[in-house]
Amino acid sequence: MSEKKIVTESGIEIKQVYTDHSGVKDLPGEFPFTRGVQPDMYRSKLWTMRQYAGFSTAEESNKRYHYLLSQGTTGLSVAFDLPTQIGYDSDHDLSDGEVGKAGVAIDSLRDMEILFDGIKLETISTSMTINSTASILLAFYVALAKKQGADLKKISGTIQNDILKEYAARGTYIYPPKQSMRIITDIFEYCSKEIPKWNTISISGYHIREAGSTAVQELAFTLANGKAYVKAAIEKGLDIDVFGKRLSFFFNAHNNVFQEVAKFRAARRMWAKIMQELGAKDPRSMMLRFHTQTGGSTLTAQQPMNNIMRVTLQALSAVLGGTQSLHTNGYDEAISLPTEEAARIALRTQQVIAYESGVVDTVDPLAGSYFIESMTDETEAKAWEYINKIDAMGGSVDAIEAQYIQNEIARASYEYQQSIQDNTRIIIGVNQFTMEEPPFDKVFSVDDSIRTLQIDKLKKLRSERNEVKTQACIKAVEETARGTGNLMPVIIDAAENDATLGEIADAMRRVFGEF
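Since the model is a prediction, treat every value here as computed from it, not as a measurement. (Residues numbered from 1 in each chain as written. Predicted model: local features only at pLDDT ≥ 70, side-chain atom pairs only at ≥ 80, totals over all residues. Heavy atoms only, no water.)

A. How the structure looks around the packing of aromatic side chains. Tallied over the entire structure, the rule returns 18 aromatic pairs. Centre to centre, the rings of Phe 258 and Phe 371 are 5.2 Å apart; their planes meet at 55°, and the pair counts as tilted. Taken as a pair, Phe 258 in helix α10 (residues 257-277) and Phe 371 in helix α13 (residues 370-392) lie far apart in primary sequence, 113 residues in all. A relative accessible area of 43% places Phe 371 in the partly exposed class. Over the ring of Tyr 386 we find Lys 389; its NZ or CZ atom is 5.8 Å from the centre of that ring. (Phe/Tyr/Trp six-rings, centres within 6.5 Å; stacked < 30°, edge-to-face > 60°. Helix = DSSP H or I, 4+ residues; strand = E, 2+ residues; numbered from the N terminus. Buried < 20%, exposed > 50% of the residue type's maximum accessible area, 1.4 Å probe, protein only. Lys NZ or Arg CZ within 6 Å of the ring centre and 35° of its normal.)

This is how it looks when you write it as structure tokens:
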């Protein structure tokens, strides 16, 4: 327990944790972790303050990363463009019009080197929002770390690597579910041996919520997917008390502060029970650690400055709920990629909460509230109802193939939109308190010339590499995919020998097919 003494400006000492009169028996840092995964939470260490960034070329994104680090960001979070997400190089026909738009274009290890130029991977935690090509981007990252002379045992970060939510809510999948699960468990196995501090998956409710789910559905479907990954890893022969410690989660935060706090508290309690039932013995394997991002779908293009208040409420709910990492959206993201000003304000929002609000001074400050405890219990109960239905169907993979999860999200999304249209739900500036306003002119955009730059880099790469060696490495990926060996070592070898992202993805496409 922390010995740190904290007092208010009035001289009142703040205890590390409050239990008296609350009726809450479980303590933070103890099973089932309802109140937090660490006994002293933010009194000893604040959450990682991340800013999600990536656009245009690796050179341009690198400039933004250095800017964010100079402003106090403590972890990087990388956004990739759509071609990178679905395994196409920038010169592929299907990449036309999308290169560098939704994130940064990464075609090869050379791009990854530029992306992190001047940034030592041993000293920064990096989160990469990547799924179907997660193995390839992780391979580029590992190859770069080795080139920097880094100790892989010290490398920390997260790959999202959550393919089930792609089938259910987002759509950037490549391979069929069974083959995708094989790649994911190969990553689990490789990282547990070679990069022990790396979080091998960020099981994501964020995109489920962005697709229109309720908070309860986000919680239930995310944990059900988590169960599916754990079961797949156990079937592969992996030790739940080894890989279980490197699982992490990624949740959304919307405007209803108390519902969100209850969701986060219930999530920890439920996951601890799930892991215990699946055979975990080590308490650290039962801890639900999570990153939070404020709700992109809650941002409005109308009166965009109002989004600063929305993001503040959402960030506050994540902190009150005990997040380990947080990204705050820019106020202009309903209109364009965030400008530097918007990114700075978003980061300052986290810093004001951390250093000025007082909510970090004690663990789980809302515990014992009749409202929050009841909301936590009711959120958990409704989420178990969904999970029990999914279990009865055979688990998440079967429920997704039967369209059950997709249909439930679609229904909730429709009902939400209806509530806005009939004015039973008020959205400031959209259906109430509207006003005439001039066009928003602080737009950050990426032009199509980026593709030409990336194509030129690919031509140069292919002219300079050892083609015989590169092709041998690509063939090794394909042969390993046909067998049962772990794919990660051969993918890393291909990355180190200048194979492109598209070439490595295609090697697996030839074996696994596309979904």
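From this point, the discussion proceeds with the structure in view.
B. Just the pattern of salt bridges, in detail. This structure, assessed with the given rule, holds 38 salt bridges. Between Arg 451 and Asp 96 there is a salt bridge, with the nearest N and O atoms lying 3.7 Å from each other. Of the two residues, Arg 451 is situated in helix α16 (residues 449-464) and Asp 96 in the loop between α2 (82-85) and α3 (109-115); the sequence distance between them amounts to 355 residues. In this structure Asp 96 comes out as exposed when scored by relative accessible area, which is 54%. For Arg 110, the salt bridge goes to Asp 498, with nearest N and O atoms at 3.8 Å. Remark: Asp 498 occurs in the loop between α18 (488-496) and α19 (501-512) and Arg 110 occurs in helix α3; sequence separation between them is 388 residues. Residue class for Arg 110 comes out partly exposed when judged on its relative accessible area of 27%. By sharing partners, the salt bridges in this structure join Asp 89, Asp 91, Arg 462, Arg 465, Glu 467 and Glu 503 into a single network. (Salt bridge = Lys/Arg side-chain N within 4 Å of Asp/Glu carboxyl O.)

C. Examining helix α1 (residues 58-70) more closely. For α1, which comprises 13 residues, the first-to-last C-alpha distance of 18 Å matches the rise-based estimate of 18 Å (1.5 Å per residue) to within 8%. Taken together, the buried positions of α1 are occupied by Ala 58, Ser 61, Asn 62, Arg 64, Tyr 65, Tyr 67 and Leu 68. In the stretch just after α1, Gly 72 is the one whose phi turns positive, near 110°. (Expected span 1.5 Å × (residues − 1).)

D. Structural context of the packing of helix α6 (residues 177-194) against α18. One way to put it is that α6 packs onto α18 with a least axis distance of 9 Å and a crossing angle of 80°. If you check the angle between α6 and α18, you find them roughly perpendicular. In this structure, α6 uses Asp 186, Ile 187 and Tyr 190 to contact α18, whose residues at the interface are Met 488, Pro 489 and Ile 492. Of the residues that constitute the contact of α6 with α18, the class distribution is five nonpolar, no polar and one charged. (Axes fitted to C-alpha atoms, helices over the stretch in contact; angles between N-to-C directions. Parallel < 35°, antiparallel > 145°, perpendicular 65-115°, else oblique. Contact = heavy atoms within 4.5 Å. Nonpolar A, V, L, I, M, F, W, Y, C, P; charged D, E, K, R; others polar.)

E. Main features of unusual backbone geometry. Along the chain, Phe 31 connects to Pro 32 via a cis peptide bond; the corresponding omega equals 5°. You can see Pro 32 is positioned in the loop between β2 (13-14) and β3 (48-53). The backbone of Gln 403 shows a phi angle near 70°, a positive value even though the residue is not glycine. Assignment of secondary structure puts Gln 403 in the loop between α14 (396-401) and α15 (404-421). Classification of Gln 403 by relative accessible area gives partly exposed; the value is 39%.

F. Spotlight on the nonpolar core. Of all hydrophobic cores here, the largest spans 72 residues; its most connected members are Trp 47, Phe 188, Leu 223, Tyr 229, Trp 271 and Ile 405. Ranked by residue count, the leading element in this core is helix α8 (residues 215-235), at eleven residues. Residues contacting Tyr 229, with those up to four places away along its chain left out, are Asn 161, Asp 162, Ile 163, Leu 164, Met 181, Ile 184, Phe 188, Ile 201 and Ile 203. If you look at the next biggest cluster of nonpolar residues, it comprises 57 residues, including Met 112, Ile 174, Ala 494 and Met 508. (Core = buried A, V, L, I, M, F, W, Y, C linked by side-chain atoms within 4.5 Å.)

G. Broad picture of the pairing of strand β8 (residues 201-204). Side chains of β8 alternate between two faces, with Ile 201 and Ile 203 and Ser 202 and Ser 204 buried alike. Bridge count for β8 against strand β9 (residues 247-253) is four bridges, and the pairing is parallel. When the bridges of β9 are listed, Ser 204 appears paired with Phe 250. (Pairing = 2+ DSSP bridges.)

H. Molecular detail of the state of the cysteines. Using the criterion set out here, one finds zero disulfides in the structure. Not part of a disulfide, Cys 191 finds its nearest cysteine sulfur in Cys 473, a span of 20 Å. (Disulfide = S-S within 2.5 Å.)

I. Representation of α16 in the model. With 16 residues, α16 extends 23 Å between its outermost C-alpha atoms, agreeing within 8% with the 22 Å of an ideal straight helix rising 1.5 Å per residue. The complete set of buried residues in α16 reads Ile 450, Arg 451, Gln 454, Leu 458 and Leu 461. Each buried residue of α16 sits inside an arc of 95° when the element is viewed along its axis, so together they form one side. Exposed residues lying more than 90 degrees from the buried face of α16 are Lys 459 and Ser 463. For α16, the secondary structure elements touched by its buried residues are α3. (Arc of directions from axis to C-beta.)

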